[in-house]
Amino acid sequence: MTFKTIDDIQDIHGKRILVRVDLNVPVKDGKVTDVTRIERVAPTIQELTKKGAKVILMAHFGRPKGEVVPSMSLSPIANSVEEVLDKHVHFADNCIGDAAKEAVEAMNSGDLLLLENTRFHKGEEKNDPDFAKALAENGDIYINDAFSAAHRAHASTEGLTHHLPSYAGRTMQAELEALEKGLGQPIRPVVAIVGGAKVSTKIDLLSNLIEKVDALVIGGGMANTFLAAQGIDVGKSLCEHDLADTARDIMAKASSNTCEIVLPVDAVVAREFKANAENEVVSVNAIPSDAMMLDVGPASIAAVNDWITKADTLVWNGPLGAFEIEPFDIATVSCAKHAADRSAEGLLVSVAGGGDTVAALNHAGAASDFTYISTAGGAFLEWMEGKPLPGVDALSKA
Ligand code: ADP
Ligand code: MG
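An account of the accompanying structure is given in this report. (Residues numbered from 1 in each chain as written. Chains lettered and ligands numbered in written order. Predicted model: local features only at pLDDT ≥ 70, side-chain atom pairs only at ≥ 80, totals over all residues. Heavy atoms only, no water.)

Some details on the environment of Gly110
Here comes step 1: Within the element layout of this structure, Gly110 appears in the loop between α3 (97–105) and β6 (112–115).
Here comes step 2: C-alpha separation for the pair Gly110 and His13, spaced 97 residues apart in sequence, amounts to 8.1 Å.
Here comes step 3: When sequence neighbours within four positions are dropped, the list of residues in contact with Gly110 reads Thr49, Gly52, Ala53, Lys54 and Lys87. (Helix = DSSP H or I, 4+ residues; strand = E, 2+ residues; numbered from the N terminus. Contact = heavy atoms within 4.5 Å.)

The following block contains the structure:
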């Protein structure tokens, strides 16, 4: 993967730089409740403004479907950007046309401007070349710092690269470098942990991983589908019996790719899906017919931790158990902590992502020691599925 970074830009001072960022932050009652995404793009913005660029931020917010929807205006988010960066943010109430043009013309070097929601125009999601051109009129350079939007070929993520010299921002750069270490050019052995509720949402991901990793640990609810496909009675566990063929297919392909599939050997079972439900540890061959597996057991944890110890690289998506309800978080927490310790000692490159996975790693207190945690959601999963990401491909072609 080759792409240009901010280091490749000559003469930043005074240049109008259009920067695509992810400001799709959670908002409740008009207030931003989590500024993580703003903090993630802060380094790029600060570097560019310090170097004297006119920094023009483009972003989407919600799904206005090409209409002007006042409740999806980015204007309140400008205040949060101001607070996080401790810097005045100008705002233009249209991302193209006179409003944008006048706001950009009024900028001085080092100023920061936020343009209104790009999705207020139909041309954004359609990747309409005229719309991309209208956006490009206000910039000399384009920087994409929104990996989380890179799985979509939109005007502000892909179209602009056809009009302006294009570069990856610092956050995009860090994400791409981490992903490259995870599955692109990893140090072997590489182990993947895939958990979560269902196989059906992760077929593409599993199929891609078995071609790339040395061992694939399958945990969470989806492990039941694999166990059942081997004739094991999983009782009342969450299980997609209709995917037995798919599961067998994945296992067969794994063995021809010399990827070892690591399934749980024991289970923590309960009769109710609730916190502190009465539970017991049983072999996977002895799951009572009225019980369900809510976590993998201690022997399985030991096997996963052995693989983590053996590995030089770990890629993780999906918790090993129903980590939201105690004590069924034990396997996820134990393996997360072990991976965090190995990473902190410099013995493991660990890359993880997925909404619930990030929550689980935070819950385990392991997140800060992981090599890289992706907050990108859909784009991260499509990367794990081995799919092309138009926003990234456009940067490497540009
Ligand atoms: P991510 O959001 O990181 O991609 P998923 O959404 O695929 O992860 O999976 C997370 C969900 O899987 C959690 O809500 C968790 O409770 C559930 N889960 C994990 N193990 C089990 C299990 N054994 N039975 C039922 N649900 C489970
Ligand atoms: Mg999820």
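What to know about the sheet that holds strand β13 (residues 279–283)
Here comes step 1: Read from one edge to the other, the open sheet built from three strands follows the order β13-β12-β14, with strand pairing classed as antiparallel. Looking along the sheet, the strands with just one partner apiece sit at the ends: β13 and β14 (292–296). Within this sheet the neighbouring strands show an average axis-to-axis angle of 40°, counted without direction.
Here comes step 2: Pairing analysis gives four bridges linking strand β12 (residues 266–270) to β14, with the strands arranged antiparallel. Within β14, the position partnered with Val268 by the bridge is Asp295. (Pairing = 2+ DSSP bridges. Axes fitted to C-alpha atoms, helices over the stretch in contact; angles between N-to-C directions.)

Let's talk about the site of ligand 1
Here comes step 1: Around ligand 1, 17 residues are found, and the nearest of them are Gly196, Lys202, Glu324, Asp356 and Thr357.
Here comes step 2: Lys202 is positioned with one of its side-chain polar atoms (N or O) 2.7 Å from an oxygen atom of ligand 1.
Here comes step 3: One of the side-chain N or O atoms of Glu324 is found 2.5 Å from an oxygen atom in ligand 1.
Here comes step 4: Notes on ligand 1: free accessible area 580 Å², of which the protein chains cover 84%.
Here comes step 5: Looking at which element gives the most residues to the shell around ligand 1, the answer is helix α12 (residues 355–363), with three residues.
Here comes step 6: Of the residues assigned to the shell around ligand 1, the class counts are six nonpolar, eight polar and three charged. (Near = heavy atom within 4 Å. Polar contact = N/O pair within 3.5 Å; in protein donor to acceptor, adjacent residues only side chain to side chain. Areas by Shrake-Rupley, 256 points an atom, 1.4 Å probe, with all protein chains shown as cover. Nonpolar A, V, L, I, M, F, W, Y, C, P; charged D, E, K, R; others polar.)

So, the pairing of strand β7 (residues 141–144)
A regular strand places its side chains on the two faces of the sheet in alternate fashion.
Here comes step 1: Both faces of β7 are covered, namely the face carrying Ile141 and Ile143 and the face carrying Tyr142 and Asn144.
Here comes step 2: Note that β7 and strand β8 (residues 166–168) share three bridges and pair parallel. When the bridges of β8 are listed, Ile143 appears paired with Tyr167. (Buried < 20%, exposed > 50% of the residue type's maximum accessible area, 1.4 Å probe, protein only.)

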